[in-house]
Structures are given as C-alpha cells and as structure tokens.
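Residue-level structure breakdown
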Amino acid sequence: QVQLVESGGGLVQPGGSLRLSCAAFGSIFSVNAMGWYRQAPGKQRELVALIDSGGNTNYAHSNKGRFTISRDNAKNTVYLQMNSLKPEDTAVYYCNADVISPGDYVQLNYWGQGTQVTVSS
C-alpha cells in the first residue's frame, strides 16, 4: 500500500557531501515522523536523524553539526543533507516513516529499500 522511494546515495570522498531523498507513495492520509537510519556491515541498524510532522529534529551524536534532516510535507518527502563525510559514515542508509492510512486512520511504520553510501578515497 505504501512505498518509500530513496535516491541520492553513492560514492564520495572524505570531506565531501551527499543529499539523500525519500518520498512516500501510496494510500496516505498523512505522514507523521520520518527519519533516516543506517547499517554498516556487521553492525546493528542505528538512528541517524528524525523529524516529526512539526519540523522538530533529533540527531545522533556522531553526525550532529554535519547532517541536516528536513521535509516537504506537500510532497511527503524527507531529505538528509550530509556534509563533511567521514569513512565511518559508510553504510546502507534506510528511510523510515510513520504513515496514517485514509479511512481507518491507522498508523503504520514503513521502511525504504536502503541506499548505499560509501565514503572512501
């Protein structure tokens, strides 16, 4: 019913920048909190940043000051601007969203397919 479609991942040198995008499509009444998570090989998935429907944000300690999360409510889209990237930022980045369905107004959580971010020289 709902899909999260990501774009913007790729290979970048240390100190470089990337901008990730994630748009929600399908049967949607509204989108509440949206966020980005990442998972490196052999490690558990971890929070990168969150943004609620009012634009309030939360960041992981490791990237606060380097990353910026934002959203366009009209497009049901969340963005992650990543600056001053480090090799340890290398991971698969996953979009996540809480979506309210029309009619029954039930909230469900959805994940994107993941997009690879590699920081290497």
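Residues numbered from 1 in each chain as written. Predicted model: local features only at pLDDT ≥ 70, side-chain atom pairs only at ≥ 80, totals over all residues. Heavy atoms only, no water.

This paragraph deals with the overall build of the protein. The helix and strand tally for the protein stands at zero helices and eleven strands. Beginning at the N terminus, the succession of helices and strands in the protein can be written as β-β-β-β-β-β-β-β-β-β-β. Taken against the 2.2 N^0.38 rule, which gives 14 Å for 121 residues, the C-alpha radius of gyration of the protein at 14 Å falls within 12% of a compact globule. When its C-alpha atoms are laid out on the principal axes, the protein stretches across 50 × 25 × 25 Å. Among the 121 residues that make up the protein, the fraction classed as buried is 40%. Put simply, of all contacts in the protein between residues at least 6 apart along the chain, 56% involve residues at least 24 apart. When the accessible surface of the protein is totalled, it reaches about 6,400 Å², and 47% of it is carbon and sulfur. (Helix = DSSP H or I, 4+ residues; strand = E, 2+ residues; numbered from the N terminus. Rg over C-alpha atoms; globule rule 2.2 N^0.38 Å. Buried < 20%, exposed > 50% of the residue type's maximum accessible area, 1.4 Å probe, protein only. Contact = heavy atoms within 4.5 Å. Areas by Shrake-Rupley, 256 points an atom, 1.4 Å probe, with all protein chains shown as cover.)

On to the pairing of strand β11 (residues 115-119). Alternating residues of β11 divide into T115, V117 and V119, all buried, and Q116 and T118, none buried. As paired elements, strand β2 (residues 10-12) and β11 share three bridges and run parallel to each other. The residue of β11 that forms the bridge with L11 is T118. Where strand β9 (residues 91-100) lies against β11, three bridges are found, and the strand directions are antiparallel. Residue pairing in the sheet places Y93 in a bridge with T115 of β11. (Pairing = 2+ DSSP bridges.)

The next subject is the side chain of S101. With respect to the helices and strands, S101 occurs in the loop between β9 and β10 (107-111). For S101, a relative accessible area of 15% puts it in the buried group. In this structure, S101 is in contact with S27, F29 and V106, ignoring residues within four places of it in sequence.

What follows concerns the packing of aromatic side chains. Taken as a whole, this structure holds three aromatic pairs when the rule is applied. With centroids separated by 5.1 Å and ring planes inclined at 85 degrees, the aromatic side chains of F29 and Y105 adopt a geometry described as edge-to-face. Here the residue F29 occupies a position in the loop between β3 (18-26) and β4 (30-39), and Y105 occupies one in the loop between β9 and β10, the gap between them amounting to 76 residues. Ring centres of Y94 and W111 lie 6.4 Å apart, and the angle between their planes is 90 degrees; on these two criteria the pair is classed as edge-to-face. Of the two residues, Y94 sits in strand β9 while W111 sits in strand β10, which places them 17 residues apart along the sequence. Taking relative accessible area as the criterion, Y94 reaches 15% and is therefore assigned buried. By the ring-pair criterion, three or more aromatic residues cluster together here, those being Y37, Y94 and W111. (Phe/Tyr/Trp six-rings, centres within 6.5 Å; stacked < 30°, edge-to-face > 60°.)

Honestly, that's just the spatial picture; any functional story needs more than this.
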